[in-house]
Amino acid sequence: MALWVTACGVLLCCSLSGVEGIGVNYGMIADNLPSPEKVIALYRASNITDVRLFHPDTTVLDALRGSGLGVVLGTLNEDLARLASDASFAASWVQKYVQPFAGAVRLRYINAGNEVIPGDNASSVLPAMKNLESALRAAGLSVPVTTAVATSVLGSSFPPSEGAFSEAALPTVAPIVSFLASSGTPMLVNVYPYFAYSADPSSVPLDYALQSPSASAAVTDGGVAYTNMFDAILDAVHAALEKAGGQGLGVVVSETGWPSGGGGAGASVENAASYSNNLVRHVGHGTPRRPGKAVETYIFAMFNENRKPEGVEQHFGLFQPDMSEVYHVDFSAASS
Ligand SMILES: *[C@@H]1O[C@H](CO)[C@@H](O)[C@H](O)[C@H]1NC(C)=O
Ligand SMILES: *[C@@H]1O[C@H](CO)[C@@H](O)[C@H](O)[C@H]1NC(C)=O
């Protein structure tokens with residue numbers, strides 16, 4: 001009976017709203033962005049089903065009320081140490097940013113920290129996750145708590161089956177993996193084939209980095225042919241998780257994207273449009289290591305952000321600050 005209910009729920013979700021989770025990161029390192037109400041309306045008009053916020057903001061959360069968008073809510077890295085050491089601070093964080101919006105905003109995950117492992121604040125991540133989870137439970141709320149890592153947590157990523165966490169990251173990541181596995185909560189990972197390509201454009205085939213459906217296999221690994229780098233990186237993460245006790249642990253791609261300008265190798269509107277549209281069509285199919293398991297994915301980012309460092313960093317947006325498209329992404333293709 002329980003199984004039947006679960007299967008039915010899954011079908012209902014998918015037939016109503018397409019594949020969950022082609023989302024877009026709502027970055028705000030800019031001084032010229034539209035109001036949150038306009039931005040959320042733009043998400044909906046563009047058929048984007050999910051949004052990731054890098055920090056909690058009650059004005060933005062208010063704008064999300066009743067929107068139906070799935071929301072990934074991040075903590076500020078600067079707050080991690082206190083979230084880790086002070087349970088009452090975690091409780092007030094939940095009271096301020098979660099409780100008032102429960103029921104009206106569809107929170108998918110809370111991520112404690114973004115790309116802080118390995119590093120000075122890495123040891124705060126797990127205690128912060130635990131304090132947030134306890135605070136949520138005490139408030140009668142159930143939102144999965146996780147963290148977002150960069151692929152720099154990997155010490156080995158090639159070929160994908162050799163994926164493993166680095167010696168620097170493993171002592172922090174392994175207990176986090178156990179914690180996530182105990183509740184079945186996915187780990188969030190930022191995956192950027194662009195930076196691998198731009199660091200070495202003469203040896204990385206562009207169509208492999210762009211997820212072009214017509215790319216030929218650039219990597220063969222234990223009989224599996226990889227025709228796109230996104231899958232290869234993700235499967236290296238899967239392999240690393242399996243070695244660290246996270247067999248079957250889910251992975252959400254919390255950031256990926258391609259710049260449309262800014263001077264880096266391969267940074268162009270044409271390539272960015274190919275990457276994002278290929279991604280939307282591809283992620284529903286899973287990876288060679290986890291075939292058929294749709295990858296919940298968030299594109300970076302909604303807007304070009306003028307206060308980010310100069311160069312490609314300012315050119316990852318799907319939209320200009322005036323809400324005109326940098327290039328078109330057909331998000332409705334995600335459900336087909
Ligand atoms: C959103 O999806 C609908 C239904 O598939 C489609 O008609 C519409 O053109 C899409 N809008 C955009 C901006 O892609
Ligand atoms: C680490 O935490 C400290 C204290 O909260 C903060 O000032 C610093 O910005 C954090 N470092 C990073 C890299 O986020």
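Everything below is about the structure printed above this text.
Report on the accompanying structure.

The rules we used
- Residues numbered from 1 in each chain as written.
- Chains lettered and ligands numbered in written order.
- Predicted model: local features only at pLDDT ≥ 70, side-chain atom pairs only at ≥ 80, totals over all residues.
- Heavy atoms only, no water.
- Helix = DSSP H or I, 4+ residues; strand = E, 2+ residues; numbered from the N terminus.
- Polar contact = N/O pair within 3.5 Å; in protein donor to acceptor, adjacent residues only side chain to side chain.
- Contact = heavy atoms within 4.5 Å.
- Salt bridge = Lys/Arg side-chain N within 4 Å of Asp/Glu carboxyl O.
- Buried < 20%, exposed > 50% of the residue type's maximum accessible area, 1.4 Å probe, protein only.
- Near = heavy atom within 4 Å.
- Areas by Shrake-Rupley, 256 points an atom, 1.4 Å probe, with all protein chains shown as cover.
- Nonpolar A, V, L, I, M, F, W, Y, C, P; charged D, E, K, R; others polar.
- Core = buried A, V, L, I, M, F, W, Y, C linked by side-chain atoms within 4.5 Å.

Brief notes about the side chain of Thr185
Relative to the elements of secondary structure, Thr185 occurs in the loop between helix H7 (170-183) and strand S8 (187-190). Within the structure, the side chain of Thr185 is placed 2.9 Å from the side chain of Ser183, a separation counted as a polar contact. When near neighbours in sequence (up to four residues on either side) are disregarded, Thr185 contacts Pro144, Val145, Thr146, Leu180 and Leu249.

Overview of the pattern of salt bridges
This model, assessed by the stated rule, comprises ten salt bridges. With a closest N to O distance of 3.5 Å, Arg307 and Asp31 form a salt bridge. Here Arg307, found in the segment after strand S14 (297-299), pairs with Asp31, found in the loop between strand S1 (22-26) and helix H2 (36-45); they are 276 residues apart in sequence, far enough to count as distant. By the burial criterion, Arg307 is exposed, and Asp31 matches it.

A few points about the site of ligand 2
Neighbouring residues of ligand 2: Asn77, Glu78, Ala81 and Asn121. Within the backbone of Glu78, an N or O atom sits 3.1 Å from an oxygen atom of ligand 2. Calculation on ligand 2 without its partners gives an accessible area of 360 Å², and the protein chains cover 45% of this total. Residue classes in the shell around ligand 2 are distributed as one nonpolar, two polar and one charged.

A closer look at the nonpolar core
Core analysis: the biggest nonpolar cluster contains 103 residues, and Leu64, Ile117 and Met187 have the highest contact counts within it. No other element matches the nine residues that helix H10 (residues 229-243) contributes to this core. Contact partners of Met187, with chain neighbours within four places excluded, come to Thr146, Thr147, Val149, Val173, Ile176, Val177, Leu180, Leu241, Leu249, Gly250, Val251 and Val252. Membership of the second largest hydrophobic core comes to six residues, among which are Val72, Ala148, Leu188 and Tyr298.

Quick look at the side chain of Thr256
As for its placement among the helices and strands, Thr256 is situated in strand S11 (residues 251-256). The exposure class assigned to Thr256 is buried, which follows from its relative accessible area of 0%. Of the polar contacts made by the side chain of Thr256, one reaches the side chain of Tyr275; its length is 2.6 Å. Residues in contact with Thr256, not counting those within four places in the same chain, are Val191, Tyr192, Pro193, Phe230, Tyr275, Leu279, Thr297, Tyr298, Ile299 and Phe300.

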